[in-house]
Amino acid sequence: MKTRLTDDPAEAAALIRRGKLVAFPTETVYGLGADAWDVKAVAALFNAKGRPRDNPLIVHIAALRQLDAVAVCISEWARALMEHFFPGSLTVVVRRRAPLPTIVTAGLDTVAVRMPSLAVTRAFLRACACPVAAPSANRSGRPSATTWQAVQNDLGGRIDAILRGEPCAKGIESTVVDCSAGMPRLLRAGATSIEALRMVVPGLRTAATAHDVAAAGDTAARSPGMRHRHYAPDARVVLVNDPSEVEPHGDHAYIGLSKPAEPADFGQCYVAGSAQDYARVLFDFFRRCESAGIRTIYCQVITERGIGRAVMDRLRRAATRA
Ligand code: AMP
Ligand code: MG
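These lines cover the structure that appears in this document, whether it is placed above or below. (Residues numbered from 1 in each chain as written. Chains lettered and ligands numbered in written order. Predicted model: local features only at pLDDT ≥ 70, side-chain atom pairs only at ≥ 80, totals over all residues. Heavy atoms only, no water.)

**Points about the overall build of the protein chain**
Of the regular secondary structure elements, the protein chain holds 11 helices and 15 strands. By the compact-globule yardstick of 20 Å for 322 residues, the protein chain fits well, its C-alpha radius of gyration being 19 Å. Viewed in the frame of its principal axes, the protein chain has a C-alpha envelope of about 60 × 50 × 30 Å. Counting across all 322 residues of the protein chain, residues that qualify as buried make up 55%. Partitioning the intrachain contacts of the protein chain with sequence separation of at least 6 by distance along the chain shows that 68% fall at a separation of at least 24. (Helix = DSSP H or I, 4+ residues; strand = E, 2+ residues; numbered from the N terminus. Rg over C-alpha atoms; globule rule 2.2 N^0.38 Å. Buried < 20%, exposed > 50% of the residue type's maximum accessible area, 1.4 Å probe, protein only. Contact = heavy atoms within 4.5 Å.)

**Description of the sheet that holds strand β13 (residues 252-256)**
One open sheet holds the 4 strands; their spatial order is β12-β15-β13-β14, and the pairing between them is parallel. Edge strands, defined here as strands with exactly one partner in the open sheet, are β12 (236-240) and β14 (268-271). Pairwise comparison of adjacent strand axes, ignoring direction, gives a mean angle of 15° for this sheet. Pairing of β12 with strand β15 (residues 296-300) involves 5 bridges; the strand directions are parallel. (Pairing = 2+ DSSP bridges. Axes fitted to C-alpha atoms, helices over the stretch in contact; angles between N-to-C directions.)

**Things to note about the environment of Ala62**
When you line up the elements, Ala62 lands in the loop between β4 (58-60) and α3 (67-70). Distance from Ala62 to Phe86, taken between C-alpha atoms, is 9.7 Å for residues 24 residues apart in sequence.

**Observations concerning the packing of helix α1 (residues 9-17) against helix α5 (residues 119-128)**
For the pair α1 and α5, interaxial distance at closest approach is 8 Å and the crossing angle is 40°. Between α1 and α5, the interaxial angle falls into the category oblique. Considering how the two elements wind past one another, α1 and α5 form a crossing that is right-handed. Residues Pro9, Ala10, Ala12, Ala13, Ile16 and Arg17 of α1 form the contact with α5, whose own contacting residues are Val120, Ala123, Phe124, Ala127 and Cys128. (Parallel < 35°, antiparallel > 145°, perpendicular 65-115°, else oblique. Left-handed = near helix turned anticlockwise from the far one by under 90°.)

**Regarding the pattern of salt bridges**
Applying the stated criterion across every chain yields a total of 13 salt bridges. One salt bridge in this structure joins Arg316 and Glu304, with 2.3 Å as the shortest N-O distance. With a gap of 12 residues between them, Arg316 in helix α11 (residues 308-319) and Glu304 in the loop between β15 and α11 connect regions that are remote in the sequence. Classification of Arg316 as partly exposed rests on a relative accessible area of 40%. A salt bridge links Asp313 to Arg314, with the shortest nitrogen-to-oxygen separation between them at 2.5 Å. For the pair formed by Asp313 and Arg314, the shared burial category is buried. Through salt bridges with shared partners, a single ionic network connects Arg142, Asp154, Arg287 and Glu290. (Salt bridge = Lys/Arg side-chain N within 4 Å of Asp/Glu carboxyl O.)

**Some thoughts on the side chain of Asp154**
Looking at where Asp154 falls in the secondary structure, it is placed in helix α6 (residues 148-155). Excluding its chain neighbours within four sequence positions, the residues that come into contact with Asp154 are Asn138, Arg139, Arg142 and Arg287.

**Digging into unusual backbone geometry**
In this structure, Pro87 follows Phe86 across a cis peptide bond, with omega equal to -10°. Note that Pro87 resides in the loop between α4 (76-85) and β6 (90-96). The backbone phi angle of Ala129 is positive, close to 60°, even though this residue is not glycine. Here Ala129 is to be found in the loop between α5 and β8 (132-134). Within the chain, Asp251 stands out as a residue other than glycine whose phi angle is a positive 50°. Structurally, Asp251 can be placed in the loop between β12 and β13.

**Some details on helix α10 (residues 275-291)**
Given a rise of 1.5 Å per residue, 17 residues ought to cover 24 Å, and the 24 Å separating the end C-alpha atoms of α10 matches this to within 8%. A maximum bend of about 45° is found in α10 at Leu282. Taken residue by residue, α10 has Asp277, Tyr278, Ala279, Val281, Leu282, Phe283, Phe285, Phe286, Arg287 and Cys289 as its buried positions. Elements that come into contact with the buried residues of α10 comprise α6, β12, β13, β14, β15 and α11. (Expected span 1.5 Å × (residues − 1). Bend = angle between axes of the 7 residues up to and from the residue.)

**Structural notes on the packing of aromatic side chains**
This structure, assessed with the given rule, holds 3 aromatic pairs. Considering the side-chain rings of Tyr254 and Phe266, the 5.6 Å spacing of their centres and the 45° angle between planes classify their relative orientation as tilted. Of this pair, Tyr254 sits in strand β13 while Phe266 sits in the loop between β13 and β14; the two residues are 12 residues apart in sequence, bridging distant segments of the chain. In this structure Phe266 comes out as buried when scored by relative accessible area, which is 9%. Over the aromatic face of Trp148 sits the side chain of Arg164, whose NZ or CZ is 5.2 Å from the ring centroid. (Phe/Tyr/Trp six-rings, centres within 6.5 Å; stacked < 30°, edge-to-face > 60°. Lys NZ or Arg CZ within 6 Å of the ring centre and 35° of its normal.)

Printed below as a string of structure tokens:
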């Protein structure tokens, strides 16, 4: 299959309406979209990514009026979070409305919903005029794609089109919050910080309590995607507290907030100006290291505050070669 490149959201949307698979930019990472009502297209999407069928997809909408078609029993907490953070980098899990194909939600009775904020994404989703089921636009298990070129490298020849946009401004995936039962609970740290969420939901839970596990299973069961190996480049990822812990031996790279004494010792070296900057470049850095034949990527650990929490979550997963 030839993957078409386009800069026109209307052209990309027309392909979605014809049952095609189209990657598109968002402020977080690139998504790979299919019409959420089209079971065949969604099945093809799982195949193109090599994504396990038990890992549900996020349903992307352009406007809140599309919500009722895919969800029911939306709690006050869910409404409050949507009011404050939509459009934006928050995904809210609510109860699924029955006609939504179960392949989208991997058989769960809940559905994850997000309304991205990037202007071109909104134009694309408006023109689709259907909810768009979209996981991140990378081969399953790989770092998310934050540029259209990364999408092309991973999925070129396997998907119908790529809507080209700028490199993603946030560079890390959306925050996922379960609002399907009781007090909202964090399922995946992401581009919207917990501190910001707690301004709206002060009681937001971040870890499964014994009661949750007994009532509904743990986070792995509630958010099946978190079970799978994720975010890993081909190179080995090693976490360090300080760049001085790295012993230069060629074939290696470093990314962190602190500057190494001898940056020239690193083939690839990125000193981030802030935690936001670290998040923005991380996946692209992983991919650049791969292309450069780097074998070991040293990543400095950072404080788990704000977006630092999501960065540390991704680093730990990338470092796990399960
Ligand atoms: P991705 O878009 O590839 O980054 O993955 C979407 C994330 O959202 C995965 O971690 C999924 O497990 C999670 N997710 C999607 N739908 C649901 C749902 N109904 N309940 C819980 N988590 C979900
Ligand atoms: Mg993903």
